[in-house]
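Observations on chain architecture
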Amino acid sequence: MYTQNQSTVTEFILLGLSSDPFIQILLFHIFLVAYMITLTGNFLLILAVKTDKRLHTSMYIFLSSLSFLDICYTSSIVPKTLVNFLSLRKSISFTGCAVQFFFSLFLGETECLLLAFMAYDRYVAICIPLHYNMIMNTTVSFRMISISWLTGCVISSVDTYFTFSLTFCGPNTINHFFCELPLLLQLSCSDISALNIIKLVGTTILLFIPLALILISYIRIITTVMTIRLGRSKAFSTCISHLVVVVIFYGTAMFIWAWPFSSRDTDKRVAVFYAVITPMLNPLIYSLRNKDVQKAIRQLIRAKKDCS
C-alpha cells in the first residue's frame with residue numbers, strides 16, 4: 001500500500017480537540033455515548049430491513065447499506081479517538097495512520113456515491129412511478145451499491161498509496177483527532193504537486209459530481225411534486241430524510257475539502273459532524289420520519305422481548 005522506509009517518521013502525534021484534561025474527559029463521554037447510539041441505531045435499522053419482508057425494496061436496501069457504511073466509518077475513527085482522550089501520549093503509528101486514512105477516506109467517498117444513488121432512487125419513485133419497479137429492482141440496487149463501494153475503494157487506495165509513499169522527515173504533529181489528507185500533505189517534505197492533482201480529481205469525482213447529480217434529481221423531484229395537486233406533501237415527505245442527511249454530510253465535507261479559508265481548529269470541529277454526529281443521526285432521521293421503519297423496529301424489539 002505504501003513504502004514506509006522512505007520516511008524517518010515512525011508515528012504521528014494527534015493533538016485532538018482540546019489539551020484541557022477536563023474537556024478531554026468530557027469529550028470522551030460524549031464521543032462514547034454518540035458511538036454507542038450509532039452502533040445501536042444502525043444495527044437496529046439493518047435488522048429491521050433484513051427481517052421485515054415489506055422493507056425488501058430498493059429504498060430500504062440503500063438505507064441498510066448506508067447504516068452498515070456508517071457503522072464502519074465511525075468505527076474507523078472513534079475507537080482510536082476514545083483511547084487518545086484518556087492517553088497522555090496521543091500518538092498513532094505510521095502504519096496505523098495509513099490504515100485509518102484508507103478506511104476513513106474509502107468509507108467517506110463511498111457514502112458520497114451512495115447518497116447520489118439514493119437521490120436517483122427517489123427521483124425515479126416520484127417522477128417515473130409507473131416504471132419504478134422495472135428501473136429500480138433489487139438487482140440494480142445491489143449493482144449501484146457495489147459500484148459505490150468499489151469506486152470508493154479504488155480511489156482511496158490510489159490516494160493512500162501516493163500519500164504514504166511521500167517522505168515524512170518531521171515534524172510529525174497533526175492538529176486533528178484523526179489522520180486526514182490535507183494535514184498529512186503539510187507534514188511531507190516531498191514534492192506534493194502530483195498528489196494535489198490526484199486530490200483535485202478525486203474530489204471532483206466523489207464530491208462535486210455526486211452532489212451535482214443529487215441537485216439535478218431534487219430539482220426534477222421538486223418540479224414534479226409542484227405539479228401534483230393531491231398527495232403533494234406525502235410525495236415529498238419520502239425525500240425529506242434523505243435531503244437532511246445530504247445537507248449535513250455534504251455541508252461539512254464541502255467545508256473541509258472545498259473551502260480554502262477555514263482554519264485547522266475550525267476544520268477539526270466541523271469534522272466531528274461527519275465523523276461522529278452524522279452516523280449517529282442517520283438512523284434517527286430515517287426512522288423518525290418513516291412509519292414502516294418504526295413498525296419494523298417495534299416488531300423487532302417485541303420479538304426480542306418474547307424470546308427472552
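Rules behind the numbers
Residues numbered from 1 in each chain as written. Predicted model: local features only at pLDDT ≥ 70, side-chain atom pairs only at ≥ 80, totals over all residues. Heavy atoms only, no water. UniProt positions renumbered as here; feature names shortened; annotations may be inferred. Helix = DSSP H or I, 4+ residues; strand = E, 2+ residues; numbered from the N terminus. Pairing = 2+ DSSP bridges. Axes fitted to C-alpha atoms, helices over the stretch in contact; angles between N-to-C directions. Parallel < 35°, antiparallel > 145°, perpendicular 65-115°, else oblique. Left-handed = near helix turned anticlockwise from the far one by under 90°. Contact = heavy atoms within 4.5 Å. Nonpolar A, V, L, I, M, F, W, Y, C, P; charged D, E, K, R; others polar. pLDDT = per-residue confidence, 0-100. Buried < 20%, exposed > 50% of the residue type's maximum accessible area, 1.4 Å probe, protein only. Disulfide = S-S within 2.5 Å. Polar contact = N/O pair within 3.5 Å; in protein donor to acceptor, adjacent residues only side chain to side chain.

**Considerations on the UniProt feature "transmembrane region" (unreviewed entry) in the chain**
- With numbering aligned to this structure, UniProt lists the feature "transmembrane region" (unreviewed entry) at residues 22-47, 59-78, 98-120, 140-158, 197-219, 240-259 and 271-288.
- The span residues 22-47 shows a helical share of 100% and a strand share of 0%, and its end C-alpha atoms are spaced 38 Å apart.
- Taken as a whole, residues 59-78 contains 90% helix and 0% strand, while its terminal C-alpha atoms sit 28 Å from one another.

**Brief notes about the pairing of strand β1 (residues 11-14)**
- Bridging between β1 and strand β2 (residues 91-93) involves 3 bridges; their strand directions are antiparallel. Residue pairing in the sheet places E11 in a bridge with S93 of β2.
- Strand direction decides the pairing type here: β1 and strand β3 (residues 173-174), joined by 2 bridges, are parallel. Directly across from L14, in β3, lies its bridge partner I174.

**Points about the packing of helix α2 (residues 58-75) against helix α4 (residues 94-127)**
- Their axes nearest at 10 Å, the elements α2 and α4 cross at an angle of 165°. With respect to α4, the axis of α2 lies roughly antiparallel. For α2 against α4, the interelement crossing comes out left-handed. In this structure, α2 uses S58, M59, F62, L63, S65, L66, L69, D70, C72 and Y73 to contact α4, whose residues at the interface are S104, L107, G108, T110, E111, L114, L115, F117, M118, D121 and R122.
- Broken down by class, the residue content of the contact of α2 with α4 amounts to 12 nonpolar, 5 polar and 4 charged.

**Side note on the confidence of the model for the chain**
- With 89% of its residues at a pLDDT of at least 70, the chain reaches an overall mean of 84.
- Here residues 1-5 scores under 50 on pLDDT; set against residues more than four positions off or in separate chains, the count is 14 contacts.

**A short note on the environment of T173**
- You can see T173 is positioned in strand β3.
- Under the relative-accessibility criterion, T173 is labelled partly exposed at 36%.
- On a C-alpha basis, the gap between T173 and E11 in space is 9.1 Å, while along the polypeptide they are 162 residues apart.
- Not counting chain neighbours up to four residues away, the residues in contact with T173 comprise I13, L15 and L187.

**Notes on the state of the cysteines**
- Overall, the coordinates contain 2 disulfides when judged by the stated rule.
- Note on cysteine connectivity: C97 is disulfide-linked to C179, with sulfurs 2.1 Å apart. Measuring handedness by torsion sign, the sulfur bridge of C97 and C179 sits at about -135° and is left-handed. On the criterion of sequence distance, the pair formed by C97 in helix α4 and C179 in the loop between β3 and α7 (181-187) is long-range, its members being 82 residues apart.

**Considering the side chain of S104**
- Along the chain, the position of S104 falls in helix α4.
- At a separation of 2.8 Å, a polar atom in the side chain of S104 contacts the main-chain carbonyl oxygen of Q100.
- In contact with S104, not counting residues within four places along its chain, are Y73, S76, I77, F178 and C179.

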